[in-house]
Amino acid sequence: MDTLKVADAPEDSGEAAGTRQAGLARRVLGTYGIILVLVALSLLFGLLSPVFFSTENILNILRQVAVVGIVAVGMTFVILTGGIDLSVGSIIGVASVFMAKAMLAGMPAAAAVVMTLAMSALFGLVNGLIVNELFIPPLVATLGTMTALRGVAFIISGGLPVFGFSNSLSFLGQGYVWIIPVPVVIMAMTFAIGFLLLDATRFGRYVYGVGGNEEATRLSGIGVKSIKALVYTISGFLSGLAGIVLLSRIDSGQPKAGQGYEMDVITAVVIGGVSISGGEGNIVLVVAGVLIMGVLSNGMILLDINEYVQWVVKGVVLVGAVGFDRVSQQRKLRT
Amino acid sequence: MLELRGITKAYPGVQALDNVSLTFNRGEVHAIAGENGAGKSTLIKVLSGAIRPDAGSVALDGKELGHINPHDAIRLGISTIYQEFNLVPFLSVAENIFFGLEPRRFGLLDKKRMHRMASRLCEEMGVDLDTHARVKDLGVAYQQIVEILKAVSRDARILIMDEPTAPLTTREIDVLFGIVERVRRKAVTIIYISHRLEEIFRICDRVSVLRDGRRVMTTETKATNQQELVSFMVGRKLDDVYPARDSRPGAELLRIQDLRNGKLRGVSFALREREILGIGGLVGAGRTELARAVFGADAFVCGLMCLAGKELRIRKPRDAIRWGIGLLPEDRKQHGLLLSMSVKQNISFPILKALSLCGLLRRQREHRLCLDLSRRLNVKTPSLDQRAKNLSGGNQQKVVLAKWLGTHSGILIFDEPTRGIDVGAKQEIYNLLNQFVAEGKSIIMISSEMPELMGMSDRILVMRNGVVAGTLEKGDFSQEKILMLASGIEARSGDS
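Residues numbered from 1 in each chain as written. Chains lettered and ligands numbered in written order. Predicted model: local features only at pLDDT ≥ 70, side-chain atom pairs only at ≥ 80, totals over all residues.

Quick word on the packing of helix α5 (residues 140-153) of chain B against helix α6 (residues 170-185) of chain B
Residues and elements named next belong to chain B.
Stage number 1. Two numbers describe how α5 lies on α6: the axes approach to 10 Å, and their chain directions differ by 5°. In terms of orientation, α5 and α6 fall into the roughly parallel class. Residues Ala141, Gln144, Ile145, Ile148 and Val152 of α5 touch α6, and the partners they reach there are Glu172, Val175, Leu176, Ile179 and Val183.
Stage number 2. Residue composition of the contact of α5 with α6, grouped by class: eight nonpolar, one polar and one charged. (Axes fitted to C-alpha atoms, helices over the stretch in contact; angles between N-to-C directions. Helix = DSSP H or I, 4+ residues; strand = E, 2+ residues; numbered from the N terminus. Parallel < 35°, antiparallel > 145°, perpendicular 65-115°, else oblique. Contact = placed C-beta atoms within 7 Å. Nonpolar A, V, L, I, M, F, W, Y, C, P; charged D, E, K, R; others polar.)

Side note on unusual backbone geometry
All names here are of chain A.
Stage number 1. The backbone of Asp251 shows a phi angle near 55°, a positive value even though the residue is not glycine.
Stage number 2. Here Asp251 lies in the loop between α10 (224-250) and α11 (261-271).
Stage number 3. Looking at Asp251, the number of C-beta atoms within 10 Å reads 15, which means it is partly exposed. (Buried ≥ 20, exposed ≤ 12 C-beta atoms within 10 Å, placed from the backbone.)

Regarding the pairing of strand β13 (residues 252-260) of chain B
All names here are of chain B.
Stage number 1. Across six bridges, β13 lies against strand β14 (residues 265-272) in antiparallel orientation. Residue pairing for β14: Arg255 is matched across the bridge by Ala270.
Stage number 2. Between β13 and β14, which pair antiparallel one after the other, the connecting turn spans four residues.
Stage number 3. Strand direction decides the pairing type here: β13 and strand β16 (residues 302-307), joined by five bridges, are antiparallel. Within β16, the residue paired with Ile256 across the bridge is Met305. (Pairing = 2+ DSSP bridges.)

What about the confidence of the model for chain A?
Stage number 1. Counting all residues, the mean pLDDT for chain A is 88, and 88% of those residues have values of 70 or more.
Stage number 2. Predicted confidence is poor over residues 1-18 of chain A, with pLDDT under 50, and the contacts of this stretch with residues over four places away or in other chains come to 14 contacts. (pLDDT = per-residue confidence, 0-100.)

A word on the domain arrangement of chain B
All names here are of chain B.
Stage number 1. Taken domain by domain, chain B consists of domain 1 (2-234) and domain 2 (252-487).
Stage number 2. Taking the mean C-alpha position of each, domain 1 and domain 2 sit 35 Å from one another.
Stage number 3. Of the residues lining the interface, 13 residues belong to domain 1; the matching set on domain 2 comes to 14 residues.
Stage number 4. Ranked by residue count, the leading element in the side of domain 1 that touches domain 2 is helix α8 (residues 226-234), at four residues. (Domains from an automatic or database assignment.)

Description of the interface of chain B and chain A
Stage number 1. Listed as interface residues are 33 residues of chain B and, on the opposing side, 25 residues of chain A.
Stage number 2. Elements supplying a minimum of two residues to the side of chain B that touches chain A: α10 (317-322), α11 (332-336), β20 (360-361) and α13 (363-376) of chain B.

Comments concerning the pairing of strand β12 (residues 214-220) of chain B
Residue and element names in this part refer to chain B.
Stage number 1. Relative to β12, strand β11 (residues 206-211) runs antiparallel, the two sharing six bridges. Bridge assignment links Ser208 to a residue of β12, and that residue is Thr218.
Stage number 2. The hairpin turn running from β11 into β12, its antiparallel successor, is two residues long, and Asp212 in that turn takes a positive phi close to 50°.

What to know about the sheet that holds strand β17 (residues 310-312) of chain B
Residues and elements named next belong to chain B.
Stage number 1. With antiparallel pairing, four strands are arranged side by side in an open sheet as β14-β13-β16-β17. The open sheet has two edge strands, β14 and β17, and neither has a second partner. Within this sheet the neighbouring strands show an average axis-to-axis angle of 20°, counted without direction.

Digging into the sheet that holds strand β21 (residues 411-415) of chain B
Residue and element names in this part refer to chain B.
Stage number 1. Strand order in the open sheet formed by six strands is β18-β21-β22-β15-β23-β24, and the pairing between neighbours is mixed. Strand pairing shows two members of the sheet lacking a second neighbour, β18 (325-328) and β24 (467-473), which therefore form its edges. The mean inter-strand angle of the sheet, taken between neighbouring strand axes irrespective of direction, is 20°.
Stage number 2. In the sheet, strand β15 (residues 276-281) pairs with strand β22 (residues 442-446) via four bridges, with the strands oriented parallel.

Section: the nonpolar core
Stage number 1. Counting residues in hydrophobic clusters, the biggest one holds 234 residues, and the most contacted among them are A:Ile70, A:Val71 and B:Ile413.
Stage number 2. Element by element, the count of residues in this core is highest for helix α2 (residues 55-80) of chain A, at 15 residues.
Stage number 3. In this structure, this core is formed jointly by two domains, domain 1 (2-234) and domain 2 (252-487) of chain B, each of which donates at least three residues.
Stage number 4. Excluding anything up to four places from it in sequence, A:Ile70 contacts A:Ile186, A:Met187, A:Thr190, A:Leu238, A:Leu241, A:Ala242 and A:Val245. (Core = buried A, V, L, I, M, F, W, Y, C linked by C-beta atoms within 7 Å.)

Dropping the structure here:
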């Protein structure tokens, strides 16, 4: 081999083609298996419940997952760097009551949106700075901000729902573009931008680099700290956006808004195949992860399955998905 | 009592152990000496059951052991104290000594008895140690002693110590040797690995020298001296062929003045244009730390760097890269590569800025550039999209090299350029090194392989304990001189 060969290696004989096909099948299953799971689940629920595949129900599922989906994009960035952000649910809560209070005080909706988004991004940045400068592991750092910010949400609202404002932006939560709910459109755009950032920009490469091998990334002259600060900022920003969507949907600011969402979001991202240790994952598959979460709860509600049982199923799905990821990685290491 | 019979072990490209037979007697302190890479660590690993030899066997009291794992080894009374200790930092001294074999009463830990037993052991070994102290609060020396006590408490019959004095001060070494003496009196065989020849003469009864995986001599320490040991250690054949190079170093390019940090104690040297400056020294002499400090990977507290007469301020790798310095780390997988990313993504990683427009990657350009660089270095990969982890060691090294060619580095720092690379690919790396010098680049090459160091360098700088022990010009290269400088023995001519 004197020159670099960019085509497939030609020495592969016909004999090897069989095993290669099997390898390909395994790779496809490993990579896109999650989409098959989504299809299979949908078919199952479709068979068991006639309304499952109705346009209305499908749009309903999409609307239900929109908030989790928007946040999942930010979480994908964070997890790809090897971090985690537990504070997303609390940022949703603060964003929700802050925006409601601002509008109640007569602030124009557009200005309130800008301020809420800026504040949420700032919370994210603080997460990043804590991780970077205080050397606190992300899990602990964001556990702290999660608790503190939930407190902030309650302080701002006095513990009560904030309503009675005129929200000229309620279409953000309740409107439609053609027949598609606006939250779904926002989620789709968020995923599109997230995909573009990860796939087509320098920044995206660095995100994968930091998660894959932080030291090698640093030794390549890349500012690891700024990349980390940025991913937490993105996560905070998108949590704020999700908070605004949630507020607009119910026309009231809830201090409890977004509580427990961090778990749904992390579950969706991990089911979407993003490695919890960072560096590997495809945001396109995170869409599938988000949809699986939505299909599961919607389907189980349609089938009238007890809510408690739903929790059990979701938990099992999470462990199953991560277990699958780990085992297949171990296998890859061995071969 | 412990006997090695024809132990052979090969790694890709290296014959680590070649038919080594050796007998250790009961109650002796037996030193194993040899250069870096002579096979000492492999020998320890075989004895402790960490690796399985390709051929040969180990016999204990005349009985062949067959294949053993580390657990079996400990059960058989073979304890190894590695440079990295196996202690639980948050547990007490006593708890660590009896870890896994705690005395119990009614199924619960009998802490009282455990501490009593530990105290008795300390007394017996002449150690003044609070058995309640947490191991993490002890200094390195006492942690090591805890390891020894642990081994003794398990009725170790053979105690293997790998460079035990490396992290210790002179006074601590005295304490350690006192304990070693007491352990020996319990008829325990001690296999002692050390670079420090004077220690071998201080506490060892016999010494064996390994060279290129073969045992070249075993003798009573009384019957030999340091000079003779060195001459046995270095009688290494220069069987690798190093490509000839027209070496004409130019003016001084990079000057390093009094570089200091935790590991460096004032290093000064100069690198000339079109020069390969070899850096030799024993493991732990501060060579990697020097490379990392020059590259900005580790901070240095004081010191000065000048490039072509201009002072450089290098605080992070990015600064070094901007000045055209590239580092090819010793541990490619940990520090050099993004293993799960593609060859292309690895090569372009440091120069994505130049390859993008407003943050968006220009993939055509990226592909062309990476293709060009990988062709120049003859990287063997089925495609540029192959993940880096699937390449061989030699090709991985070329990918790291391609990275720094992409940044137009004028100074390349190689830390063990051919470690883990098979013979054929080594030759290619050597040719590339020469080609770079011919193109006007300068190279700093850290190497533990004597032949490589002497075959490739224009000058050799030998480090010892974080300082430059000496510099050798091309005409003066000899393995003995390098080893003498590295281990701090004065070369005395006419004295035997």
